[in-house]
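Here is how the chains run, residue by residue.
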Amino acid sequence: MKRWKRLVWLIALIAGITFCVPGQLHAMDGVSAKSAILIEQHSGRILFAKDAYTKRRIASITKIMTAILAIESGKLDDTVTVSARAVRTEGSSIYLRQGEKMKLRDLVYGLMLRSGNDAAVAIAEHVGGSVEGFVFLMNEKAAEIGMRDTEFANPHGLDDAENHYSTAYDMALLMQYAMKNEEFRRISGTKVYRAPAPPGEDGARVWRNKNKLLTSLYEYCTGGKTGYTKRAHRTLVTTASKDGVDLIAVTLDAPDDWNDHIAMYEYGFSNYHIAKVRGERVVKKISDPFYRGRLRAARDLQYSVTEQETGELRVKVYLLKPRAEWKETPSRAPTVVGKAVLYLNKQAVDEVPIFYEPEKGKSSRGFFWQVFRFLGVRGDG
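Residues numbered from 1 in each chain as written. Predicted model: local features only at pLDDT ≥ 70, side-chain atom pairs only at ≥ 80, totals over all residues. Heavy atoms only, no water.

Visitor: What should I look at first to understand helix 5 (residues 117–128) in this one?
Guide: Since the α-helix turns once every 3.6 residues, residues separated by three or four places project in the same direction. Between the first and last C-alpha of helix 5 there are 16 Å, a value that for 12 residues agrees with the 16 Å anticipated at 1.5 Å per step. If you check which residues of helix 5 are buried, you get N117, D118, A119, A120, V121, A122, I123, A124 and V127. Turning to helix 5, the residues buried within the fold contact helix 2 (63–72), strand 4 (79–81), helix 3 (84–87), helix 4 (104–114) and helix 6 (131–145). Residue G129 follows helix 5 closely and has a positive phi angle near 85 degrees. (Helix = DSSP H or I, 4+ residues; strand = E, 2+ residues; numbered from the N terminus. Expected span 1.5 Å × (residues − 1). Buried < 20%, exposed > 50% of the residue type's maximum accessible area, 1.4 Å probe, protein only. Contact = heavy atoms within 4.5 Å.)

The structure is reproduced here in structure tokens:
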């Protein structure tokens with residue numbers, strides 16, 4: 001019986017507790033979080049995961065969604081009048097006063113740096129018309145991003161509703177989406193912010209970021225959001241950048257979250273780098289001075305890989321059959337004529353469109369000749 005118990009325990013350990021790429025399982029055994037994930041920001045590649053798809057309470061990392069919706073509303077310069085409901089919100093606060101007027105931008109800083117629950121409600125009421133209306137927007141955005149195991153019931157993450165949860169994976173998706181926004185990156189990475197003082201007081205409110213990774217513990221940290229409630233325990237989402245590699249880490253219910261994130265980042269930066277294939281290099285292989293105009297890739301191809309995987313990367317170029325609408329006119333915009341795809345071990349990991357830009361007033365005969373020349377050629381590695 002003891003042997004069977006040991007076997008069952010071993011199978012359970014291998015099957016679901018920790019998943020790590022590449023297979024250095026021992027390197028991350030010390031992660032304290034019940035759920036954790038590390039992804040590369042550009043591609044979303046999962047570099048490490050521990051029970052990352054289990055639904056859990058998320059506390060104030062909820063405010064990442066609140067912040068990005070406020071930013072995307074285009075109302076950051078609006079003046080918000082603080083309601084009684086906002087002032088009465090329990091938990092962490094930036095100590096707003098009923099009837100006080102504050103720029104939405106300042107409220108977002110108070111939300112992200114000091115985790116103000118009062119700021120969260122004030123933002124929700126202004127952007128969504130009501131807290132309930134804002135929650136609707138939160139869940140719409142979650143569906144748009146692909147957060148399939150998430151439901152929001154409030155803008156702050158307090159334990160006042162049962163239907164408020166997410167997963168480590170979904171929160172990584174949210175942070176990946178938010179980090180594409182320049183304003184969000186600026187706010188998330190701010191260590192100290194000064195906002196106008198309450199009415200009748202001199203000076204300014206000074207808010208210092210609660211994210212200790214950003215302010216003191218980890219030099220490569222670029223931003224993030226902390227969280228805690230009695231039911232969710234400690235939650236944390238952070239970002240870090242080093243040597244051109246941008247990572248996102250998430251932990252849920254983690255008693256030692258600062259060290260969890262540092263350990264994941266050190267693992268990621270030690271084992272992965274960004275492999276790039278320049279767009280100019282891709283089109284150079286298919287371009288020819290015979291035709292008038294040029295081909296260009298929309299951007300460089302790139303993906304996070306280990307040293308061992310670098311040699312497994314391949315690029316293939318696919319060109320479309322020529323169409324009549326590609327015929328050149330003086331005002332013709334660049335036309336998508338194909339795509340370049342980056343493969344890792346036969347799996348597509350990145351792709352970019354290829355454009356043809358005709359020279360005005362010149363014949364496109366050469367271009368069609370070039371396309372015909374490549375018809376039937378499925379790839380260029």
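Visitor: Looking at this model, I keep getting lost on the nonpolar core. Mind explaining?
Guide: For soluble globular proteins, nonpolar side chains are generally found buried alongside one another. Ranked by internal contacts, the top residues of the largest apolar core, which has 59 residues, are I64, M65, L107, M171, F184 and V250. Apart from the residues within four sequence positions on either side, V250 is in contact with S35, A36, I37, A168, M171, A172, L236, V237, H261 and M264. Counting 23 residues, the second-largest nonpolar core is a separate cluster that includes A33, A36, F48 and A254. (Core = buried A, V, L, I, M, F, W, Y, C linked by side-chain atoms within 4.5 Å.)

Visitor: Please explain the packing of helix 2 against helix 5 as it appears in this structure.
Guide: Helix-helix packing: each pair is described by the crossing angle between the helix axes and the interaxial distance. Close contact between helix 2 and helix 5 brings their axes to 10 Å; oriented N to C, the two are set at 40 degrees. Considering the angle they form, helix 2 stands oblique to helix 5. With respect to the hand of their crossing, helix 2 and helix 5 are arranged in left-handed fashion. Counting all contacts with helix 2, which are made through K63, T66, L69 and A70, the residues of helix 5 involved are N117, A120, I123 and V127. (Axes fitted to C-alpha atoms, helices over the stretch in contact; angles between N-to-C directions. Parallel < 35°, antiparallel > 145°, perpendicular 65-115°, else oblique. Left-handed = near helix turned anticlockwise from the far one by under 90°.)

Visitor: Could you clarify how one ought to interpret the pattern of salt bridges in this entry?
Guide: For side chains of opposite charge, pairing can occur when their charged atoms come near one another. Tallied over the full model, the rule gives 19 salt bridges. In this structure, R45 engages E309 in a salt bridge whose closest nitrogen and oxygen atoms are separated by 2.8 Å. Here R45, found in the loop between strand 2 (35–40) and strand 3 (46–50), pairs with E309, found in helix 12 (residues 307–310); they are 264 residues apart in sequence, far enough to count as distant. With its nearest N and O atoms 3.1 Å apart, the salt bridge here joins K141 to E72. Highlighted residues: K141 in helix 6 and E72 in helix 2, separated in sequence by 69 residues. A relative accessible area of 10% means that K141 is categorised as buried. If you follow the salt bridges from partner to partner, you end up with D77, R105, E182, E183 and R186 in one network. (Salt bridge = Lys/Arg side-chain N within 4 Å of Asp/Glu carboxyl O.)

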